[in-house]
Amino acid sequence: MDASPDSGFYHVRTEDDQVGWVFGKYITLSQAPAIPASSAPPSTSTQCDATLWTHVYHPQRLIVKNQCAVVTGTIVDATNGKKHDGVRHEADGDTHGWLKPDPEFASLLNAGNISDEGGNLVFEIVCRFPVTQSDAQTACQNYTDHVTLPSVGSHVRIVGTYVQDTFHAKWMEIHPVTSITVIP
């Protein structure tokens, strides 16, 4: 939370939203992975659709690292051939897709992406599928996504919010996705 100590203590927030103070000698400061300059949004950032956050189920589990990131890579089958579109159909209505990031975006991956997501960046298009999880239904009421989902193997540009999911293996995601565009 605070980058400077107060009387030797740092005010902190954990990934599971606990807030408190930690004595400086017991911690090591580090920075979030840098997003390459080529992915930085324009300063007037109109690329991301901030209204999509009203359709994110349980948004407090996500730590926003970059409000509007642009990442390129190749769509990988996250279902091992079980779904024709290559994405998991989550109970909250979202996709759970995989992007093999281009080399300049490899720093966006963390240990959770490596161990649990096949070394891929997760991307989630919100409210893509019917919601079967009762407590998630409100998030998708009166909303239909308009994101095009290209086929597995497509080289794409994904625009959305770069976050860390504090559940599961704490992997990194683009969630919510504003757009996916096929690129050469």
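Definitions and cut-offs
- Residues numbered from 1 in each chain as written.
- Predicted model: local features only at pLDDT ≥ 70, side-chain atom pairs only at ≥ 80, totals over all residues.
- Heavy atoms only, no water.
- Helix = DSSP H or I, 4+ residues; strand = E, 2+ residues; numbered from the N terminus.
- Buried < 20%, exposed > 50% of the residue type's maximum accessible area, 1.4 Å probe, protein only.
- Areas by Shrake-Rupley, 256 points an atom, 1.4 Å probe, with all protein chains shown as cover.
- pLDDT = per-residue confidence, 0-100.
- Contact = heavy atoms within 4.5 Å.
- Phe/Tyr/Trp six-rings, centres within 6.5 Å; stacked < 30°, edge-to-face > 60°.
- 1 Å grid on protein atoms, 1.4 Å probe; cavity = no way out; pocket = protein on both sides within 12 Å on 5 of 7 lines; lining within 4 Å.
- Points joined across faces, edges and corners; volume = space filled by probe spheres on them.
- Nonpolar A, V, L, I, M, F, W, Y, C, P; charged D, E, K, R; others polar.
- Core = buried A, V, L, I, M, F, W, Y, C linked by side-chain atoms within 4.5 Å.
- Disulfide = S-S within 2.5 Å.
- Salt bridge = Lys/Arg side-chain N within 4 Å of Asp/Glu carboxyl O.
- Pairing = 2+ DSSP bridges.

Undergrad: Please explain the overall build of the protein chain as it appears in this structure.
TA: Helices and strands together make up the secondary structure of the protein chain, namely two helices and eight strands. The order of helices and strands in the protein chain, counted from the N terminus, is β-β-β-β-β-α-β-α-β-β. The buried share of the protein chain, reckoned over its 184 residues, is 43%. About 9800 Å² of surface is accessible on the protein chain, with carbon and sulfur atoms providing 53% of the total.

Undergrad: Hey, could you run me through the confidence of the model for the protein chain in this one?
TA: Detailed reading of the predicted model is not advised wherever pLDDT is low. Scored by pLDDT, the protein chain has a mean of 86; 85% of the residues are at 70 or more. This model gives residues 32-46 a pLDDT under 50, and the stretch forms 22 contacts once residues within four places in sequence are excluded.

Undergrad: Before we go on, may I ask you to explain the packing of aromatic side chains in this structure?
TA: When we look at a pair of aromatic rings, we describe it by the centre distance and by the angle of the planes. Counted under the stated rule, the structure contains one aromatic pair. Between the aromatic rings of F9 and F23, the centroid separation amounts to 5.1 Å while the plane-to-plane angle is 50 degrees, which identifies the pairing as tilted. In this pair, F9 sits in strand β1 (residues 9-13) while F23 sits in strand β2 (residues 19-23), placing the two residues 14 residues apart along the sequence. We classify F23 as partly exposed; its relative accessible area is 34%.

Undergrad: Looking at this structure, I do not really get the layout of surface pockets. What am I missing?
TA: Picture a little ball the size of a water molecule; that probe, rolled over the atoms, points out where space is still empty. Empty space within the second largest pocket amounts to approximately 190 Å³. Split by residue class, the lining of the second largest pocket holds three nonpolar, three polar and five charged.

Undergrad: Quick question: what am I supposed to make of the nonpolar core here?
TA: Soluble globular proteins: nonpolar side chains tend toward being buried together. Counting residues in each nonpolar core, the largest one holds 21 residues, and the members touching the most others are L99, L121, F123, I158, I174, V177 and I180. Contributions of two or more residues to this core are made by β3 (62-76), β6 (121-123), β7 (155-165) and β8 (172-182). Looking at this core element by element, the count peaks at four residues for β8. Setting aside anything within four residues of it in sequence, one finds L121 in contact with V71, G97, W98, L99, P101, L108, L109, N113, Y162, M172, E173 and I174. Within the second largest apolar cluster, 10 residues are counted, among which are L52, V56, V126 and A136.

Undergrad: Is there a simple way to explain the state of the cysteines in this structure?
TA: A covalent bond between the sulfur atoms of two cysteines is what we call a disulfide. As enumerated under the stated definition, the model contains two disulfides in all. Bridging C127 to C140, the disulfide has an S-S length of 2.1 Å. Across the S-S bond linking C127 and C140, the dihedral sits near -85 degrees, which makes this disulfide left-handed. Of this pair, C127 sits in the loop between β6 and α2 (137-140) while C140 sits in helix α2; the two residues are 13 residues apart in sequence, bridging distant segments of the chain. You'll find C127 and C140 in the same group, each marked buried. When the bonded cysteines of the protein chain are numbered from the N-terminus onward, they pair as 1-2, 3-4.

Undergrad: Got a minute to help me understand the pattern of salt bridges in this structure?
TA: Side-chain pairs of opposite charge can arise whenever the charged atoms involved come near each other. Applying the stated criterion across every chain yields a total of three salt bridges. R61 is the partner of D165 in a salt bridge, and the nearest nitrogen-oxygen pair spans 3.6 Å. Within this pair, whereas D165 is found in strand β7, its partner R61 is found in the loop between β2 and β3, the two being separated by 104 residues in sequence. Just as D165 is buried, R61 falls in that class too. When the shortest N-O distance is used, the salt bridge between R88 and E117 registers 3.6 Å. Taken together, the residues span a long stretch of sequence, with R88 in strand β4 (residues 88-89) and E117 in the loop between α1 (111-116) and β6 at a distance of 29 residues. For E117, a relative accessible area of 2% translates into the label buried.

Undergrad: Would you mind going over the pairing of β8 with me for this structure?
TA: Looking along a regular strand, one sees side chains alternate from face to face of the sheet. By the criterion of burial, β8 is predominantly enclosed, with eight of the 11 residues buried. In this sheet, β8 lies alongside β7 in antiparallel orientation, the contact comprising eight bridges. Considered in β8, the bridge of R157 is made with T181. Hairpin connection between β7 and β8: a loop of six residues separates the two successive antiparallel strands, and H168 in this loop has a positive phi of roughly 55 degrees.

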